[in-house]
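# Per-entry structural report
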Amino acid sequence: QGTLDVMVLQTLAALGSQHGYGIARRIEQVSGDEVLLNQGTIYASLVRLQQRGWITAKWGISDNNRKDKFYSITVRGRARLADDMAYWERLSNVMARVLAIAPEG
């Protein structure tokens, strides 16, 4: 769940206000369809992020003229995203070093 939350925060930081379906499709697109999200998964993340104060939601009208909730990242969410990005950067650097160890023999 933590990984998905980071992806949602980054998507909102990069694209601005989006509805849940748009967030999910964008994550799938950027991942090259390596990450596939069902409605329950993305909305559980959105509820969790909203409860933590990292995103807000308000009702609006989608491109196809339907009433939909639009989510936006908050100042606290941007701070959390910066922390998470720093963590993932450190972790990926460590993993790269460990995976580069040549086998003995």
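To start, this report covers the structure provided alongside it. (Residues numbered from 1 in each chain as written. Predicted model: local features only at pLDDT ≥ 70, side-chain atom pairs only at ≥ 80, totals over all residues. Heavy atoms only, no water.)

### Examining the overall build of the chain
Per the secondary structure count, the chain includes four helices and three strands. Starting at the N terminus, the α and β elements of the chain follow one another as α-β-α-α-β-β-α. Its C-alpha radius of gyration of 16 Å places the chain more than 25% over the 13 Å reference for a compact globule of 105 residues. When the backbone C-alpha atoms are referred to their principal axes, the chain occupies close to 65 × 30 × 20 Å. (Helix = DSSP H or I, 4+ residues; strand = E, 2+ residues; numbered from the N terminus. Rg over C-alpha atoms; globule rule 2.2 N^0.38 Å.)

### What about the nonpolar core?
Soluble, globular proteins show a tendency: their nonpolar side chains are buried together. Of all hydrophobic cores here, the largest spans 17 residues; its most connected members are Val8, Leu9, Leu12, Ile23, Ile42, Leu46 and Ile55. Element by element, the count of residues in this core is highest for helix 1 (residues 2-15), at five residues. Among residues more than four places away in sequence, those in contact with Ile42 are Leu4, Val8, Gly20, Ile23, Ala24 and Leu37. (Core = buried A, V, L, I, M, F, W, Y, C linked by side-chain atoms within 4.5 Å. Buried < 20%, exposed > 50% of the residue type's maximum accessible area, 1.4 Å probe, protein only. Contact = heavy atoms within 4.5 Å.)

### Considerations on the sheet that holds strand 2 (residues 55-61)
If you trace the three strands from one edge of the open sheet to the other, you get 1-3-2, paired in antiparallel fashion. Each edge of the sheet is formed by a strand with only one pairing partner; in this case those strands are strand 1 (18-19) and strand 2. Of the pairings in the sheet, the one linking strand 2 to strand 3 (residues 67-73) comprises seven bridges and is antiparallel in character. Paired with Ile61 across the strands is Lys67, a residue of strand 3. (Pairing = 2+ DSSP bridges.)

### Here we look at a nonpolar patch on the surface
A cluster of nonpolar side chains, namely Val94, Val98 and Ile101, defines an oily patch on the protein surface of about 260 Å² accessible area. Take Val94: it is sitting in helix 4 (residues 75-99). Take Val94: its relative accessible area is 37%, and that puts it in the partly exposed class. (Patch = residues over 30% accessible without salt bridge, like charges linked within 9 Å, V, L, I, M, F, W, Y side chains within 5 Å. Areas by Shrake-Rupley, 256 points an atom, 1.4 Å probe, with all protein chains shown as cover. Salt bridge = Lys/Arg side-chain N within 4 Å of Asp/Glu carboxyl O.)

### Overview of the packing of aromatic side chains
On inspection of all chains with the given rule, the structure shows one aromatic pair. Between Tyr87 and Trp88, the ring centres sit 5.5 Å apart and the planes meet at 80 degrees, which makes this aromatic pair edge-to-face. The exposure class assigned to Tyr87 is partly exposed, which follows from its relative accessible area of 41%. A residue is classified by how much of its surface remains accessible, and Trp88, at 37% relative accessible area, is partly exposed. Above the ring of Trp59, the side-chain terminus of Lys67 is found at 5.2 Å from the ring centroid. (Phe/Tyr/Trp six-rings, centres within 6.5 Å; stacked < 30°, edge-to-face > 60°. Lys NZ or Arg CZ within 6 Å of the ring centre and 35° of its normal.)

### Structural notes on helix 2 (residues 20-30)
What helix 2 keeps buried is the set Gly20, Gly22, Ile23, Ala24, Ile27 and Glu28. Along its buried surface, helix 2 packs onto helix 1, strand 1, helix 3 (39-51) and strand 3. Backbone geometry just downstream of helix 2 places Gly32 in the positive-phi region, at approximately 65 degrees.

Distances and angles like these do not, on their own, reveal function.
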